[in-house]
Amino acid sequence: MIKRELTNTYLSSFNLLTEALYLCWCNSFCLETNRLDKAELKEQIQSYGYYDHKYAYRKEVPINFINNLEFKTLVWANKFSNALSQNELCEYVELYKQVIDEVENNLFLLKSKDERIAYANILLRNFDKGHIHRRKLDVPERNRLYKETFEVILDREFLSKDGVSIQDNECAGAYPNYDLTARLINHLDFIDKLIELFSCFEIDLIYLATKFKLNLYIFDIDKREIEGQGEPESTTGNLYSLIEKNNFKDTTLPKFTSALSDDCLIKIMHYLSNKNKLIDANIDTWLFWFNRKYIKVPEPLKWNSSPTLLSNIIQQLCGESISTIVKKAFSTNVYVKPTKSKYGRSRMHKEIEQIIIISKQKNS
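It should be emphasised that the depicted structure is a prediction, and the values quoted were computed from it without experimental measurement.

What is the right way to look at the overall build of the protein in this model?
From N to C terminus, the protein includes 16 helices and four strands. Within the protein, the proportion of its 364 residues that are buried is 45%. Summed over all atoms, the accessible surface of the protein reaches about 19,700 Å², with 50% contributed by carbon and sulfur.

Listed below in structure tokens is the structure:
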């Protein structure tokens with residue numbers, strides 16, 4: 001019988017953390033500029049006070065015995081963990097570290113790999129908190145917002161620039177150990193250790209998370225949707241072989257040419273997305289295929305309607321519709337010549353044309 005007492009306690013604590021992160025983000029996001037106000041976010045983080053976990057206490061150890069916190073998978077977070085001083089290291093009694101032990105013991109109790117994978121999926125479901133931003137976002141945009149928020153919360157140097165300090169600080173010049181900062185970096189360390197633990201049982205948590213569109217806050221590993229039935233030997237290898245197969249690393253990819261402004265193209269992208277013609281629309285990817293933005297590893301655009309309508313819309317935006325670019329940008333082998341006269345009488349043509357006219361008037 002597997003044990004869940006510590007895991008359940010940690011999940012309750014994590015729920016409170018995610019709610020706090022959401023409130024900080026929500027109170028700091030400016031709807032007028034559509035951007036995060038970092039100065040306001042700093043105040044929100046500081047308002048939660050300093051870290052005082054009941055399982056944590058400081059320890060004094062010789063410098064040569066210090067094992068600095070280092071992330072193996074979530075390597076983007078290492079630049080923040082380096083700000084921890086020796087007096088802020090904790091004994092192995094943190095709740096999340098105890099949960100790792102509980103999970104490891106459970107993995108030994110589960111006899112088959114299928115049982116262990118089911119256990120992994122249950123854990124992943126509980127750790128994914130996509131509700132933080134509570135907005136309908138595509139995966140890349142959601143990840144961008146997460147990372148932007150996390151990097152402010154974890155940047156202890158930025159948080160301390162206004163002179164905030166802890167009274168009677170044992171380590172002169174140490175950065176304040178804010179509650180949300182410590183709890184978030186603890187959770188990231190927990191995820192990092194969990195990925196490593198499951199890999200010892202030949203279970204790839206990154207693969208499972210990507211397969212079910214869950215978030216492990218990795219950010220620096222491509223999280224493209226995985227194709228195929230079986231579990232790959234190497235998640236990273238599988239994902240990047242998919243990229244290579246589609247030649248998306250080729251910097252000479254053909255792109256659309258349009259006289260329309262970036263703002264106008266983005267409005268049309270949102271229009272097509274709202275009409276369910278463009279699936280999982282992403283501004284960066286959309287602008288890349290119109291040669292307005294560089295992406296190191298671009299994804300194809302996803303079209304959810306007839307190829308005839310697609311070629312007509314591209315012609316409306318660009319003045320022409322070139323089959324090679326359409327096929328490459330939308331990852332399709334099907335291309336139908338535009339039906340300009342018929343499409344010109346359609347409601348969609350008129351609505352897109354209205355967006356174009358309004359945009360030109362605004363910019364004139």
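We are not done yet, so read on.
Can you walk me through the nonpolar core in this structure?
Within soluble globular proteins, side chains that are nonpolar tend to cluster in buried spots. Core analysis: the largest hydrophobic core is formed by 61 residues, its most contacted members being Leu 74, Trp 76, Val 103, Leu 188, Phe 198, Leu 205 and Tyr 217. For this core, the secondary structure elements donating two or more residues are α1 (5–28), α2 (38–46), α4 (95–109), α5 (113–127), α6 (139–154), α8 (179–199) and α9 (205–211). In terms of residue count, the dominant contributor to this core is α8 (ten residues). The residues contacting Val 103, other than those within four sequence positions of it, are Thr 7, Tyr 119, Leu 123, Leu 194, Leu 197 and Phe 198. Formed by 35 residues, the second largest nonpolar core is a distinct cluster that contains Leu 253, Leu 272, Leu 278 and Cys 318.

What exactly am I supposed to notice about α2 here?
What α2 keeps buried is the set Leu 41, Lys 42, Gln 44, Ile 45 and Gln 46. Contacts made by the buried residues of α2 are with α1, β2 (35–36), α6, α7 (156–159) and α8. Where α2 begins, one side-chain oxygen reaches toward the backbone nitrogen of Ala 39, 3.1 Å away; that side chain belongs to Asp 37.

For this particular structure, what's the right way to read the pattern of salt bridges?
Opposite charge on two side chains permits them to pair, given that their charged atoms come into close proximity. Overall, the coordinates contain eleven salt bridges when judged by the stated rule. Across the pair Asp 263 and Lys 267 runs a salt bridge, and its minimum N-O distance is 2.7 Å. You can see Asp 263 and its partner Lys 267 sitting in helix α11 (residues 262–274), four residues apart, about one turn around the helix. For Asp 263, a relative accessible area of 33% puts it in the partly exposed group. Looking at Lys 267, the relative accessible area reads 36%, which means it is partly exposed.

What's the story with the packing of α6 against α8 in this structure? I'm lost.
What describes two packed helices is the angle between their axes and the distance between those same axes. Where α6 contacts α8, the two axes come as close as 9 Å, and the packing angle between them is 120°. The angle between the axes of α6 and α8 places the two elements in the oblique class. Classified by chirality, the crossing of α8 by α6 is left-handed. Of the residues in α8, those touching α6 at Phe 150, Ile 153 and Leu 154 are Leu 180, Thr 181, Leu 184, Ile 185 and Leu 188.

Before we go on, may I ask you to explain unusual backbone geometry in this structure?
Positive phi, close to 50°, is recorded for Asp 280, a residue that is not glycine. By the element assignment, Asp 280 lies in the loop between β3 (278–279) and α12 (283–289). By relative accessible area, which is 47% here, Asp 280 ends up partly exposed. With phi around 60°, Asn 291 is a residue other than glycine that occupies positive phi space. Considering the arrangement of structural elements, one finds Asn 291 in the loop between α12 and β4 (302–303). The exposed category is assigned to Asn 291, whose relative accessible area is 55%.

When you look at the packing of α1 against α8 in this model, what are you seeing that I'm missing?
Running from N to C, α1 and α8 point in directions that differ by 125°, and their axes come no closer than 11 Å. Here α1 lies oblique to α8, going by the angle between them. Considering the relative orientation of α1 and α8, their crossing is left-handed. Between α1, through Tyr 10, Ser 13, Phe 14, Leu 16, Leu 17, Ala 20, Leu 21 and Cys 24, and α8, the contact on the second element is made entirely by Leu 180, Arg 183, Leu 184, His 187 and Phe 190. Tallied by class, the residues present in the contact of α1 with α8 amount to ten nonpolar, two polar and one charged.

Before we go on, may I ask you to explain the environment of Leu 214 in this structure?
In this fold, Leu 214 is placed in the loop between α9 and α10 (235–245). The class of Leu 214 is buried, set by a relative accessible area of 18%. Along the chain, Leu 214 and Asn 121 lie 93 residues apart, while their C-alpha atoms are 9.7 Å from each other.

Parameters at a glance
- Residues numbered from 1 in each chain as written.
- Predicted model: local features only at pLDDT ≥ 70, side-chain atom pairs only at ≥ 80, totals over all residues.
- Heavy atoms only, no water.
- Helix = DSSP H or I, 4+ residues; strand = E, 2+ residues; numbered from the N terminus.
- Buried < 20%, exposed > 50% of the residue type's maximum accessible area, 1.4 Å probe, protein only.
- Areas by Shrake-Rupley, 256 points an atom, 1.4 Å probe, with all protein chains shown as cover.
- Core = buried A, V, L, I, M, F, W, Y, C linked by side-chain atoms within 4.5 Å.
- Contact = heavy atoms within 4.5 Å.
- Polar contact = N/O pair within 3.5 Å; in protein donor to acceptor, adjacent residues only side chain to side chain.
- Salt bridge = Lys/Arg side-chain N within 4 Å of Asp/Glu carboxyl O.
- Axes fitted to C-alpha atoms, helices over the stretch in contact; angles between N-to-C directions.
- Parallel < 35°, antiparallel > 145°, perpendicular 65-115°, else oblique.
- Left-handed = near helix turned anticlockwise from the far one by under 90°.
- Nonpolar A, V, L, I, M, F, W, Y, C, P; charged D, E, K, R; others polar.

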